[in-house]
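Single-letter residue listing:
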Amino acid sequence: MHAYQTAFLKLALEHEVLKFGQFTLKSGRVSPYFFNLGKISSGAAMRDLSRAYAEALAASGLEYDGLFGPAYKGIPLVSAVSIALAERGRDLPYSYNRKEAKDHGEGGVLVGAAPKGRVVIVDDVLTAGTALREAVNILRKAGAEPVAAVIALDRQEVGPNGNSAVAEMERDTGIRVVPLVTVKEVLQFLQAGNADEATIQAMQDYQARYGVKS
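Every chain's residues receive numbers from 1 upward, in the order its sequence appears when written. Residues qualify for local features only when their pLDDT is at least 70, as the model is predicted, and side-chain atom pairs are given and counted only at 80 or more; totals for whole chains, interfaces and linings, by contrast, use all residues. Values shown for side chains rest on all heavy atoms present in the structure; no hydrogens or waters enter the calculation.

As recorded by an unreviewed UniProt entry, the protein carries the name Orotate phosphoribosyltransferase and is attributed to Stenotrophobium rhamnosiphilum. UniProt positions are given in the numbering used here, feature names are shortened, and annotations may be inferred rather than shown by experiment. Under the Subunit (unreviewed entry) heading, UniProt states for the protein: "Homodimer."

Here's what the structure looks like:
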């Protein structure tokens, strides 16, 4: 794994972004782990998280001209990631959307720089993909070209249609999804002495039952 992935997973454990136990998901599945990026709630933690996003973007080889954060969790993320990228020498414009259109002042649903050129969407996780699909539509309507979405975790689970949420997003929208880590990489990290055998076995059993096969 890359150094930024290890640093991100250490951060996730420290702030209980990644928790172990028994968690009932919206799908009805009982998962041995739960991932909640909302647990990142301090300046130092957000700084470290945004640097991991910036490293992931650098490692991806993507070419892009700006960033976009879907409301609501994508808003602080895109702001922080833009700062992290500026620290690396890339000062890029960013924007985000409101949930409801503003009918006074500047109006509209977009805040920040007008999206143009190739845009990367910055968000926390991909479940049903509703927010990301909406973001793709917003950007295309604005005349920009969404090229990718960078997210924190790819659970690598198959959905009702037999495909993973990431695979369906890429197929339906034509954009690339770049995760900071996949659940396979989470397992590699845990197996390096960062979790007990029962936790690792439970995750392996869960992935054997619900995980992507490729």
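Asker: What am I meant to see in the pairing of strand E1 (residues 18-24) here?
Answerer: Paired strands, in this sense, are two strands between which DSSP finds at least two bridges. Helix and strand assignments follow DSSP, with helices taken as H or I runs no shorter than four residues and strands as E runs no shorter than two, numbered in order from the N terminus. Sheet topology places E1 next to strand E2 (residues 30-35); five bridges connect them, and they run antiparallel. Note that in E2 the partner of Lys19 across the bridge is Phe34. Between E1 and E2, which follow one another and run antiparallel, lie five residues, and Gly28 among them has a positive phi close to 95°.

Asker: For this particular structure, what's the right way to read the UniProt feature "binding site: orotate" (unreviewed entry) in the protein?
Answerer: According to UniProt, the positions carrying the feature "binding site: orotate" (unreviewed entry) are Phe34, Phe35, Thr127 and Arg155. Across 122 residues in sequence, these annotated residues keep their C-alpha atoms within 12.5 Å of one another, forming a single compact spot. Structurally, Thr127 is set in the loop between strand E6 (118-122) and helix H4 (130-141). Thr127 gets classed as exposed once you look at its relative accessible area, which sits at 60%. Mapped onto the secondary structure, Arg155 falls in the loop between strand E7 (145-154) and helix H5 (165-173). With a relative accessible area of 18%, Arg155 lands in the buried category. In this structure the side chain of Arg155 is engaged in a polar contact, spanning 3.0 Å, whose partner is the side chain of Ser31. Each residue is placed in one exposure class: buried if its accessible area under a 1.4 Å probe, protein chains only, is under 20% of its type's maximum, exposed if it is over 50%, and partly exposed if it falls in between. Distance and chemistry together define a polar contact, namely a pair of N or O atoms within 3.5 Å, with one atom able to donate a hydrogen and the other to accept it when in protein, and with adjacent residues in sequence counting only for side-chain atoms on both sides.

Asker: Which parts of the structure should I look at to understand helix H1 (residues 3-14)?
Answerer: Residues spaced three or four apart along an α-helix point in a common direction, a consequence of the helix completing one turn every 3.6 residues. Expected span of a helix: the number of residues minus one, times 1.5 Å. Its 12 residues give H1 an end-to-end C-alpha distance of 17 Å, which sits within 8% of 16 Å, the value for a rise of 1.5 Å per residue. Contacts are residue-level and defined by heavy atoms, with any inter-residue pair within 4.5 Å sufficient. Of the surrounding elements, those touching the buried residues of H1 are E1, E2, helix H2 (43-60), E7, strand E8 (176-182) and helix H6 (183-191). Just downstream of H1, Glu16 is the residue with a positive phi angle, here 60°.

Asker: Help me out: how do you make sense of unusual backbone geometry in this one?
Answerer: A cis amide bond, omega 0°, links Ala71 with the succeeding residue Tyr72. With respect to the element layout, Tyr72 can be found in the loop between strand E3 (66-69) and helix H3 (74-87). Of note in the backbone geometry, Glu16 takes a positive phi value of approximately 60° without being a glycine. Mapping Glu16 onto the fold places it in the loop between H1 and E1.

Asker: How should I be thinking about the pattern of salt bridges in this particular structure?
Answerer: Pairing of side chains with opposite charge becomes possible as their charged atoms draw close. Only one rule defines a salt bridge in this text: a Lys or Arg side-chain nitrogen within 4 Å of an Asp or Glu carboxyl oxygen. By the definition in use, this model includes 10 salt bridges. For Arg29, the salt bridge goes to Glu157, with nearest N and O atoms at 2.8 Å. Residue Arg29 is located in the loop between E1 and E2, and its partner Glu157 is located in the loop between E7 and H5; the two are separated by 128 residues in the primary sequence. Linking Asp124 and Lys73 is a salt bridge whose minimum nitrogen-to-oxygen distance equals 3.7 Å. Of this pair, Asp124 sits in the loop between E6 and H4 while Lys73 is found in the loop between E3 and H3, placing the two residues 51 residues apart along the sequence.

Asker: Looking at this model, I keep getting lost on H5. Mind explaining?
Answerer: Within the sequence span of H5, burial applies to Val166, Glu168, Met169 and Thr173. Down the axis of H5, the sector holding all buried residues measures 165°, keeping them to one side. The inward-facing, buried residues of H5 contact H4, E7 and E8. A positive backbone phi angle near 80° is found at Gly174, which sits one or two residues after H5. An arc is given here, and it is the one of the directions from the helix axis to the C-beta atoms.

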